[in-house]
Amino acid sequence: MKHQLSWPAGDAQLFLQAMQEVGSMGGIANIEPITMEMMESIQNFVLKSSIDLNHLNGIKPEDLSAKISDRNKREQLLQILILIPYVDMKVDPRMVAIVDNFADHLEIHPQTIKDLHRVRDNHLKRLLIDYGRRSLGEFLGLDSAPKVIKGVITMFHQAIGDRSVSERYQQLETYPEGSLGHTLFHWYRDRNWALPGEKKSTSELLLNHDCCHILGGFNTDVQGEMNVAAFQAGLFDDGFGFESLLEVILDFHLGKAFSTVGNIIPPSTGAFHPNDAMAGYEKGLACNVNLIKDLDFWLEADQPVLTLRDKFNIPASSEPLLIKP
């Protein structure tokens, strides 16, 4: 499981200099205000540093790679650099080229680099197909052909109605107030969502994602979906979390209608707020279990949400326990 990395002042400055290099396109452009906000939020929530950003120079990829050798730090740094072209909503090819140069010198080439190229080239259909295939395994646990077939059958069966499943979830109303199960029941009912097994439900495949909303303290509006995606980016140690964050950025920051279905949550622009998103990312990094892959809902359903936050080391939320839609 991923843990928060320690970035001493010298390494933190190198991290920010790399962000400066990408954001300024190698020093030929002024950094956009939202990119500066991103640098400030990374400093606050990831680096825990207090470096003066107003007098910061960029750093060339070859110089950075000579000074940061730890692979985990290289991976985290590069994933943040990959986000920068999206932040100002332009995905400028010149900026992407600089990110590529950093990837080459750091010798890190995550899937999100390929995703960035496809967004740059507007090959979103190809990206959606590839992302969908990977998410079946990473996000939904359907990592083999038999599991995919079984998962699709289960999803269809529950969507048309499965009384044995629905009755089990309806019993959550009787669980102790403040427990994960009781909160999940009212979370669905407050939003007029069908519980798993009820007609038109999304089945149990998204159950752990919904638990991330509750345990992390994120609503289900556009802003909440953005911030819970950043939270999930902190949960995964193989880079897939950043892919799921990219999905939401494309939908709700770039307005690309990448994966939203119909008008359930229509695409929109400008929903990536660095301070809020990186606060969510920090929570995900602090969490001591990957809630998407490893949370056993029925094992924990009768436990108080506040107890589970302590158990999983999720920082306290200022939001009410049961957030209203």
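This text gives an overview of the structure that appears in the document.

Analysis parameters
Residues numbered from 1 in each chain as written. Predicted model: local features only at pLDDT ≥ 70, side-chain atom pairs only at ≥ 80, totals over all residues. Heavy atoms only, no water. Helix = DSSP H or I, 4+ residues; strand = E, 2+ residues; numbered from the N terminus. Buried < 20%, exposed > 50% of the residue type's maximum accessible area, 1.4 Å probe, protein only. Contact = heavy atoms within 4.5 Å. Areas by Shrake-Rupley, 256 points an atom, 1.4 Å probe, with all protein chains shown as cover. 1 Å grid on protein atoms, 1.4 Å probe; cavity = no way out; pocket = protein on both sides within 12 Å on 5 of 7 lines; lining within 4 Å. Points joined across faces, edges and corners; volume = space filled by probe spheres on them. Nonpolar A, V, L, I, M, F, W, Y, C, P; charged D, E, K, R; others polar. Core = buried A, V, L, I, M, F, W, Y, C linked by side-chain atoms within 4.5 Å. Salt bridge = Lys/Arg side-chain N within 4 Å of Asp/Glu carboxyl O. Expected span 1.5 Å × (residues − 1). Axes fitted to C-alpha atoms, helices over the stretch in contact; angles between N-to-C directions. Parallel < 35°, antiparallel > 145°, perpendicular 65-115°, else oblique. Polar contact = N/O pair within 3.5 Å; in protein donor to acceptor, adjacent residues only side chain to side chain.

## So, the overall build of the chain
And then number 1: Along the backbone of the chain there are 17 helices and zero strands.
And then number 2: Taken across its 325 residues, the chain has 52% of its residues classed as buried.
And then number 3: Taking the intrachain contacts of the chain between residues at least 6 apart in sequence as the baseline, contacts between residues at least 24 apart amount to 70%.
And then number 4: Total accessible area computed for the chain in this model is approximately 14700 Å², and 51% of it derives from carbon and sulfur atoms.

## A look at empty space enclosed by the protein
And then number 1: A full pass over the atoms with the stated rule returns one cavity of 30 Å³ or more.
And then number 2: Within this model, the largest cavity holds a volume of roughly 40 Å³.
And then number 3: In this structure, the largest cavity is lined by Q79, I82, L83, Y86, T112, F242 and L246.
And then number 4: If you list the elements that add at least two residues to the lining of the largest cavity, you get helix 4 (71-87) and helix 13 (240-252).
And then number 5: Here the lining of the largest cavity gets four residues from one element, more than from any other, and that element is helix 4.
And then number 6: Of the residues that constitute the lining of the largest cavity, the class distribution is five nonpolar, two polar and no charged.

## Some words on the nonpolar core
And then number 1: Of all hydrophobic cores here, the largest spans 63 residues; its most connected members are M19 and Y86.
And then number 2: Element by element, the count of residues in this core is highest for helix 4, at nine residues.
And then number 3: Once residues within four sequence positions are removed from consideration, M19 is found in contact with M38, M39, I42, I80, L81 and I84.
And then number 4: Core analysis: the next-biggest nonpolar cluster, separate from the first, contains 33 residues, I214, V228, I292 and A301 among them.

## Focus on the pattern of salt bridges
And then number 1: Using the criterion set out here, one finds eleven salt bridges in the structure.
And then number 2: A salt bridge links D11 to K73; the nearest nitrogen and oxygen atoms lie 3.0 Å apart. Residue D11 is located in helix 1 (residues 9-23), and its partner K73 is located in helix 4; the two are separated by 62 residues in the primary sequence.
And then number 3: The class of K73 is buried, set by a relative accessible area of 12%.
And then number 4: A salt bridge links R94 to D92, with the shortest nitrogen-to-oxygen separation between them at 2.9 Å.

## Brief notes about helix 2 (residues 33-47)
At 3.6 residues per turn, the α-helix brings residues three or four places apart onto the same side.
And then number 1: With 15 residues, helix 2 should cover 21 Å at 1.5 Å per step; its first-to-last C-alpha distance of 20 Å lies within 8% of that length.
And then number 2: For helix 2, every residue scored as buried is listed here: T35, M38, M39, S41, I42, Q43, F45, V46 and L47.
And then number 3: In the core, the buried residues of helix 2 are packed alongside helix 1, helix 4 and helix 14 (274-286).
And then number 4: Two residues or fewer past helix 2, K48 is found with a positive phi of approximately 55 degrees.

## Some thoughts on the packing of helix 11 (residues 207-216) against helix 12 (residues 222-235)
And then number 1: As a packed pair, helix 11 and helix 12 sit with axes 10 Å apart at the nearest point and diverge in direction by 105 degrees. By the criterion of interaxial angle, the relationship of helix 11 to helix 12 is roughly perpendicular. Between helix 11 and helix 12, the residues in contact are H209, C212 and H213 and G224, E225, V228, F231, Q232 and L235, respectively.
And then number 2: For the contact of helix 11 with helix 12, the residue count by class is four nonpolar, four polar and one charged.

## So, the side chain of Q79
And then number 1: Turning to its location among the elements, Q79 is positioned in helix 4.
And then number 2: The exposure class of Q79 is buried, given its relative accessible area of 8%.
And then number 3: Within polar-contact distance, the side chain of Q79 engages the side chain of T112 at 2.8 Å.
And then number 4: Setting aside chain neighbours within four positions, we find Q79 in contact with P110, T112, G239 and F242.

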